[in-house]
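Chain by chain, the residues:
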Amino acid sequence: MHSLTGSWLNRLCDPVETTLGEAVRQALEVARCHPELVDVFLARLRVEAEPFVVDRLLELLGAVTPAERIHDVLKPYVDSEDPRVRSKASKLYAYATGDAQWATQFLGHDDPRVTANVVEALGGTQSTPELKEFFWAAAGSPNGRVAGNAVIGLFQMGEAGAVDVLRRLCRDEAPNVRASAAWVIGTVGWIEGMDVALEMTKDPNPKVQRDAQQAVRRLQALAGSPGTKVLNAGGGYR
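Residue positions are given per chain, counted from 1 along the sequence in the order it is written. Note on the predicted model: pLDDT of at least 70 is required for a residue's local features to be given, and 80 or more for side-chain atom pairs to be given and counted; whole-chain, interface and lining totals, by contrast, use all residues. To get the side-chain values, take all heavy atoms of the structure and skip hydrogens and water.

(A) Representation of the overall build of the protein within the structure. Within the protein, the secondary structure is distributed over 14 helices and zero strands. Here a strand is any run of E in DSSP of at least two residues, a helix any run of H or I of at least four, and the numbering for each starts at the N terminus. Along its sequence from the N terminus, the protein presents helices and strands in the succession α-α-α-α-α-α-α-α-α-α-α-α-α-α. The 238 residues of the protein split such that 46% are buried. The criterion used for residue contact is that any of the two residues' heavy atoms lie within 4.5 Å. Across the protein, the fraction of contacts at a sequence separation of at least 24, relative to all contacts at a separation of at least 6, is 58%. Per-residue and other accessible areas were derived by the Shrake-Rupley procedure at a 1.4 Å probe size, with only the shown protein chains allowed to occlude residues. Carbon together with sulfur atoms contributes 51% to the accessible area of the protein, which is approximately 11900 Å² in total. For the purpose of charge, His is not counted, nor are the chain termini; Lys and Arg are scored as positive and Asp and Glu as negative. Positions of charges follow a simple convention, taking NZ of Lys, CZ of Arg, CG of Asp or CD of Glu. Separation between the mean location of the 26 positive side-chain charges and that of the 30 negative ones in the protein comes to 6 Å. Summary of the burial criterion: residues with accessible area below 20% of their type's maximum are buried, those above 50% are exposed, and those between are partly exposed, where the area comes from a 1.4 Å probe applied to protein chains only.

So, in structure tokens, the structure goes:
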């Protein structure tokens, strides 16, 4: 069992010393016997200046903080003036709570990284009418990452219209949106989108080409794997 010493905490927060996965494992192990670990992390976070340590502490707090405390713990950092801290804290809060109503405040946020992280964190959350409405709204974002993450959420909920949105994004005039759309094709395993992905490998934008090529390789691998579950055109698995 680890003790709550400064040296242990230093090692835990140093990505060179400890991987994120191992740090989370150790933190969860310690938190079972030492619920005050949340307060230890918070105390360190309040005086920490190194961005990489702040990032690690926020990840650890998201992992070990009891659900009933997550709002009080992360809310001050959701409102941080530091864009990196704000984005990370918002993602962790969305992941921990699954609160689609809270997340709507980030639609049209002046920092699309925050919105994209929140949308990503809500992916895989239990489907509710509020969450569906949130994803549909986010899918209309002009930012490729925001719209792409929203479409993934719609696919995961089995929304048949997600395919139509994805096809539209593939034809968007903005290269960053088309690149995100190509990435989504591979990420959700949309086998029926192979023809679309192949066509996008001829896109005039190099990034779109690369992401489309990766999507094609992903779909080819899925198609050749017996028993692999892939998303069909209706958004459901087969």
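Next, the rest of the story.
(B) Looking closely at the packing of aromatic side chains. Stacked, edge-to-face and tilted are the three classes for Phe, Tyr and Trp ring pairs, Trp counted by its six-membered ring, which pair at centre distances within 6.5 Å; planes under 30 degrees apart are stacked, over 60 edge-to-face, the rest tilted. Taken as a whole, this structure holds three aromatic pairs when the rule is applied. Consider the rings of Tyr93 and Trp102, whose centres lie 4.4 Å apart with planes at 55°: the pair is tilted. You'll find Tyr93 and Trp102 in the same group, each marked buried. The interplanar angle of 65° and the centroid separation of 4.9 Å between the aromatic rings of Trp102 and Phe106 together place this pair among those described as edge-to-face. This pair shows no difference in class: Trp102 is buried, exactly as Phe106 is. By the ring-pair criterion, three or more aromatic residues cluster together here, those being Tyr93, Trp102 and Phe106.

(C) Layout of the state of the cysteines. When two cysteine sulfur atoms are found within 2.5 Å, that pair is recorded as a disulfide. Per the counting criterion, the structure on display carries zero disulfides. Cysteine Cys13 remains unbridged, with the sulfur of Cys33 as its closest cysteine sulfur at 20 Å. Overall, Cys13 belongs to the buried group, its relative accessible area being 1%.

(D) Up close: the nonpolar core. Only buried Ala, Val, Leu, Ile, Met, Phe, Trp, Tyr and Cys residues count toward a nonpolar core, and they belong to the same one when joined by side-chain atoms within 4.5 Å. Within the largest apolar cluster, 77 residues are counted, with the highest numbers of intra-cluster contacts made by Phe41, Val118, Phe134, Phe135, Leu166 and Ile185. Ignoring anything within four residues of it in the chain, the contact list for Phe135 reads Val119, Leu122, Gly123, Ala150, Gly153, Leu154 and Met157.

(E) Fine view of helix α11 (residues 162-170). Taken together, the buried positions of α11 are Ala162, Val163, Val165, Leu166, Leu169 and Cys170. Buried residues of α11 fall within an arc of 160° about the axis and therefore sit on the same side. Looking at the buried positions of α11, the neighbouring elements they touch are α9 (129-138), α10 (144-156), α12 (175-188) and α13 (194-200). As used here, the arc is the angular range of directions from the helix axis to the C-beta atoms.

(F) Structural view of the pattern of salt bridges. Criterion for a salt bridge: a side-chain nitrogen of Lys or Arg within 4 Å of a carboxyl oxygen of Asp or Glu. Applying the stated criterion to the full structure yields 16 salt bridges. Here Asp111 makes a salt bridge to Arg86, at a shortest N to O gap of 3.6 Å. With Asp111 in the loop between α7 (100-103) and α8 (112-122) and Arg86 in helix α6 (residues 83-97), the pair connects residues that are 25 residues apart, well separated along the chain. Arg86 matches Asp111 in its accessibility class, with the two residues each being buried. In this structure, Glu120 engages Arg145 in a salt bridge whose closest nitrogen and oxygen atoms are separated by 3.5 Å. Linking Glu120 in helix α8 with Arg145 in helix α10, this pair joins segments that are 25 residues apart in sequence. Each of Asp55, Glu59, Arg84 and Lys88 takes part in one network of salt bridges that share partners.

(G) Broad picture of the side chain of Lys88. In this structure, Lys88 sits in helix α6. Under this definition, polar contacts are N or O atom pairs within 3.5 Å; protein pairs additionally need one hydrogen-donor-capable and one acceptor-capable atom, and for neighbouring residues in sequence, both atoms have to be side-chain atoms. A distance of 3.5 Å separates a polar atom in the side chain of Lys88 from a polar atom in the side chain of Asp55. Beyond its immediate chain neighbours, meaning those up to four positions away, Lys88 contacts Asp55, Leu58 and Glu59.

(H) Looking closely at the environment of Leu107. Along the chain, Leu107 falls in the loop between α7 and α8. Through-space distance from the C-alpha of Leu107 to that of Val146 is 9.2 Å; in sequence the pair is 39 residues apart. Once residues within four sequence positions are removed from consideration, Leu107 is found in contact with Phe134, Ala137 and Ala138.

(I) Spotlight on the packing of helix α4 (residues 51-64) against helix α5 (residues 70-78). To define axes, lines are fitted to C-alpha atoms, for helices over the stretch in contact only, and angles between the resulting N-to-C directions are given on a 0 to 180 degree scale. At a minimum axis distance of 10 Å, the contact between α4 and α5 shows a crossing angle of 160°. What the angle tells us is that α4 and α5 run roughly antiparallel. As for how α4 packs across α5, the hand of that crossing is left-handed. Within the contact between the two elements, α4 uses Leu58, Leu61 and Gly62 and α5 uses Ile70, Val73, Leu74 and Tyr77. Orientation labels follow simple angle bins: below 35 degrees gives roughly parallel, above 145 gives roughly antiparallel, 65 to 115 gives roughly perpendicular, and whatever is left gives oblique. Handedness of each helix crossing follows the sense of rotation of the near helix against the far helix: counterclockwise by less than a right angle gives left-handed, clockwise gives right-handed.

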